[in-house]
Amino acid sequence: ETGVTQSPTHLIKTRGQQVTLRCSSQSGHNTVSWYQQALGQGPQFIFQYYREEENGRGNFPPRFSGLQFPNYSSELNVNALELDDSALYLCASSTGLGGGPSSYNEQFFGPGTRLTVL
Amino acid sequence: DAKTTQPNSMESNEEEPVHLPCNHSTISGTDYIHWYRQLPSQGPEYVIHGLTSNVNNRMASLAIAEDRKSSTLILHRATLRDAAVYYCILRGGSSNTGKLIFGQGTTLQVKP
């Protein structure tokens, strides 16, 4: 059973550019959540995808968008990059949804993509 | 979203028990208490969770106060590999995403 993988591991972009980060979820998982972790801070929830639809969003502007594919892998896209977007971007996969106890299933995190915006 | 309060940092000696406290005085009846940890240069990993009763697994134990306003993560014998940031998180309430709301966490140092 392979775990959650993310690509690329590191990325350097300049302000104003666009970036796409990728995540392959753990086998059997249908839910993907994305988090942003600034240096020295805890991860912040960006949004979640369940069966290819966005299901919940944190306090991030619309230039942060995502996709989930039929195989449950996912992409995070960030347009018009700003310096403050420099962070570690984490993807987490899990099973279950709906507000019941399955919503609290363990989330399995990937190693993250370190994005630097110059 | 209910909030948690943890000490910024703690130290422990290797092979000694560690008790990591968490206060969550505004916890609601449907909130589960989850603990995750983040080792250096890695994504967070699940440690344990509970609702009302104390819980044990292969990694740790979770002791939950009777009024549920606080909890303690117990590592029975700390190893150098346990040096990490430990996050206490409440999940549930009105959220249907099960999203994790991370605070600053407690940075645990383990001394040989």
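With that settled, consider the state of the cysteines. Residue and element names in this part refer to chain A. All told, the structure shown has two disulfides over all chains when counted by the stated rule. For C23, the disulfide goes to C91, at an S-S distance of 1.7 Å. Handedness of the C23-C91 disulfide follows from its S-S torsion of about -50°: it is left-handed. You can see C23 sitting in strand β3 (residues 19-24) and its partner C91 sitting in strand β9 (residues 87-94), a full 68 residues away along the chain.

Residue and element names in this part refer to chain A. Evaluated as defined, the whole model comprises eight salt bridges over all chains. Residue E75 is joined to R22 by a salt bridge in which the shortest nitrogen-to-oxygen separation is 3.5 Å. Of the two residues, E75 sits in strand β8 (residues 74-78) while R22 sits in strand β3, which places them 53 residues apart along the sequence. For R22, a relative accessible area of 43% translates into the label partly exposed. Look at the salt bridges and you will find they share partners, linking R63, E82 and D85 into a network.

Below, the discussion takes up the environment of S9 of chain B. Residue and element names in this part refer to chain B. Summarising the element assignment, S9 is placed in strand β1 (residues 9-13). Once the C-alpha coordinates of S9 and A65 are considered, the two residues, 56 residues apart in sequence, prove to be 22 Å apart. For S9, the contacting residues outside a window of four places in its chain are T106 and T107.

This part covers the sheet that holds β1 of chain B. All names here are of chain B. Strands sit in the order β1-β9-β8-β3-β4 across an open sheet of five strands; the sheet is mixed. The sheet is open, and its two edges are formed by β1 and β4 (45-50), each paired on a single side. Each strand of the sheet is rotated relative to its neighbour by a mean of 25°, with strand direction disregarded.

Further remarks concern the sheet that holds β3 of chain A. Residues and elements named next belong to chain A. Pairing in this open sheet of four strands is antiparallel, and the strands run β1-β3-β8-β7 from one edge to the other. At either end of the open sheet lies a strand with only one pairing partner, and these are β1 (5-7) and β7 (64-68). Pairwise comparison of adjacent strand axes, ignoring direction, gives a mean angle of 20° for this sheet. When β3 meets β8, the two strands line up antiparallel, connected through five bridges. Counterpart to R22 in the pairing with β8 is E75.

Quick look at unusual backbone geometry now. Put simply, S7 of chain A and P8 of chain A share a cis peptide bond, and its omega is -10°. Among the secondary structure elements, P8 of chain A is positioned in the loop between β1 and β2 (10-13). Of note in this structure, E52 of chain A is not a glycine but carries a positive phi near 75°. Of note, E52 of chain A is situated in the loop between β5 (44-50) and β6 (53-57). In this structure E52 of chain A comes out as partly exposed when scored by relative accessible area, which is 42%. Located in the positive-phi region is E15 of chain B, a residue other than glycine, with phi close to 70°. Residue placement: E15 of chain B occurs in the loop between β1 and β2 (18-23).

So, how was this worked out
Residues numbered from 1 in each chain as written. Chains lettered and ligands numbered in written order. Predicted model: local features only at pLDDT ≥ 70, side-chain atom pairs only at ≥ 80, totals over all residues. Heavy atoms only, no water. Disulfide = S-S within 2.5 Å. Helix = DSSP H or I, 4+ residues; strand = E, 2+ residues; numbered from the N terminus. Salt bridge = Lys/Arg side-chain N within 4 Å of Asp/Glu carboxyl O. Buried < 20%, exposed > 50% of the residue type's maximum accessible area, 1.4 Å probe, protein only. Contact = heavy atoms within 4.5 Å. Pairing = 2+ DSSP bridges. Axes fitted to C-alpha atoms, helices over the stretch in contact; angles between N-to-C directions.

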